[in-house]
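Examination of the molecular architecture
Listed here are the chains, written in short residue letters.
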Amino acid sequence: MVKEKEPGVEVIRCHHCKTDTDHRLLHTEEKEGKYSLGSDYEMQQSGSWSIEWKSFMCVGCHELCIRKTVDDSEAEYPNEEYYPPRPGAEARTPPKWIHTLPDNIDLLVEEVFTALQNRSYRLVAMGLRALMDALMNATIGDCGGFEEKIREMIDEGLLSKVQKEVLEPTLELGHAAIHRGHAPTGNQVDAALAVVMSMLELFFVQKKAVTTIVKGIQPRVKVAKPSKSRQSAAPKTAKALKAKKKQPATQTSLATPANHGTI
Ligand SMILES: [Zn+2]
């Protein structure tokens, strides 16, 4: 479902302009049908399907695109595809690992992506904020507001300075949508979505992968360092001794093999 600004004009992400722009509808084709559900023995029920093709032109760059919408009475939502695909379309599809998330969180992620595909950007910003709240509650418990939770996660070594720097504006986007009536742009929610998805993947998917990664790896073996007397005896020829005198002490120590303490 796409927002229609005025009859015949929709806001669609342009593959040439790389942002959401007004697109004028040029042409529509539709077909539909019915099919039966269940066997002959059971009470006959029928389902219905429809396919719609619409061609559009971006009012900014005049590039054309076609949208194919397939609807089925048995499906929860219609499926939309664009030709050529919209930029960032793959980023607007739920990741494959979504079903490995805790129950309450995977459902919320699904709802955020549904809102994103419907261009309900305020809801996306609010949903992303709620997802970060759920992540922090699952990690450290509900210990206060976002400020307290971020501080607690940093104190526990669970959040880095860089993650804090990208997380705070992401949360701010949600605060602004909820409390100040801010209407986020598509680019804003795409950027915030990338931050939240990376956090969810790190905390709920990659952490589980650690045992797989380290399985079968040989532990590091420490090698004893050569003694100081052997190091000082290293330059044996007169030429090498002369060269050693010319070099600063730090360079000489770097040139010896004594620094290779481990393999
Ligand atoms: Zn365009």
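Residues numbered from 1 in each chain as written. Predicted model: local features only at pLDDT ≥ 70, side-chain atom pairs only at ≥ 80, totals over all residues.

What follows deals with the overall build of the chain. Helix and strand content of the chain: 8 helices and 6 strands. Each helix and strand of the chain, placed in order from N terminus to C terminus, yields the pattern β-β-β-β-β-β-α-α-α-α-α-α-α-α. Here the chain, with 263 residues, has 16% of them falling under the buried criterion. For the chain, long-range pairs separated by at least 24 residues make up 52% of all intrachain contacts whose partners lie at least 6 apart in sequence. (Helix = DSSP H or I, 4+ residues; strand = E, 2+ residues; numbered from the N terminus. Buried ≥ 20, exposed ≤ 12 C-beta atoms within 10 Å, placed from the backbone. Contact = placed C-beta atoms within 7 Å.)

With that settled, the discussion passes to the packing of helix α4 (residues 161-179) against helix α5 (residues 186-214). Interaxial distance between α4 and α5 falls to 10 Å at its minimum, and their mutual angle equals 130°. As summarised for this structure, α4 and α5 are arranged oblique, according to the angle between their axes. You can see that α4 and α5 cross each other, and the crossing is left-handed. Only Gln-188, Ala-192, Val-195 and Val-196 of α5 make contact with α4, whose side of the interface consists of Val-166, Leu-167, Thr-170 and Leu-173. Counted by class, the contact of α4 with α5 contains 6 nonpolar, 2 polar and no charged residues. (Axes fitted to C-alpha atoms, helices over the stretch in contact; angles between N-to-C directions. Parallel < 35°, antiparallel > 145°, perpendicular 65-115°, else oblique. Left-handed = near helix turned anticlockwise from the far one by under 90°. Nonpolar A, V, L, I, M, F, W, Y, C, P; charged D, E, K, R; others polar.)

Quick look at unusual backbone geometry now. Glycine aside, a negative phi is what most residues show, and trans is what most peptide bonds show. Going from Tyr-83 to Pro-84, the amide bond is cis rather than trans, its omega being -10°. We note that Lys-18 has phi near 60°; this positive angle belongs to a residue other than glycine. With respect to the element layout, Lys-18 can be found in the loop between β2 (9-13) and β3 (20-37). Unusually for a residue other than glycine, His-62 sits at a positive phi of about 65°. Mapped onto the elements, His-62 comes out in the loop between β4 (45-58) and β5 (64-72). Classification of His-62 as exposed rests on a count of 9 C-beta atoms within 10 Å.

Between helix α2 (residues 121-140) and helix α3 (residues 146-155), the least distance of the axes is 11 Å, while the angle of their chain directions is 45°. Here α3 runs oblique to α2, going by the angle between their axes. In this structure, the crossing between α2 and α3 has a hand that is left-handed. Of the residues in α3, those touching α2 at Met-136, Thr-139 and Ile-140 are Lys-149, Glu-152 and Met-153. Grouping the amino acids of the contact of α2 with α3 by side-chain chemistry returns 3 nonpolar, 1 polar and 2 charged.

On to the environment of Lys-149, then. Summarising the element assignment, Lys-149 is placed in helix α3. Judged by the 22 C-beta atoms lying within 10 Å of it, Lys-149 falls in the buried class. On a C-alpha basis, the gap between Lys-149 and Thr-139 in space is 9.8 Å, while along the polypeptide they are 10 residues apart. With residues up to four places along the chain from it excluded, the contact list for Lys-149 reads Met-136, Ile-140, Cys-143 and Gly-144.

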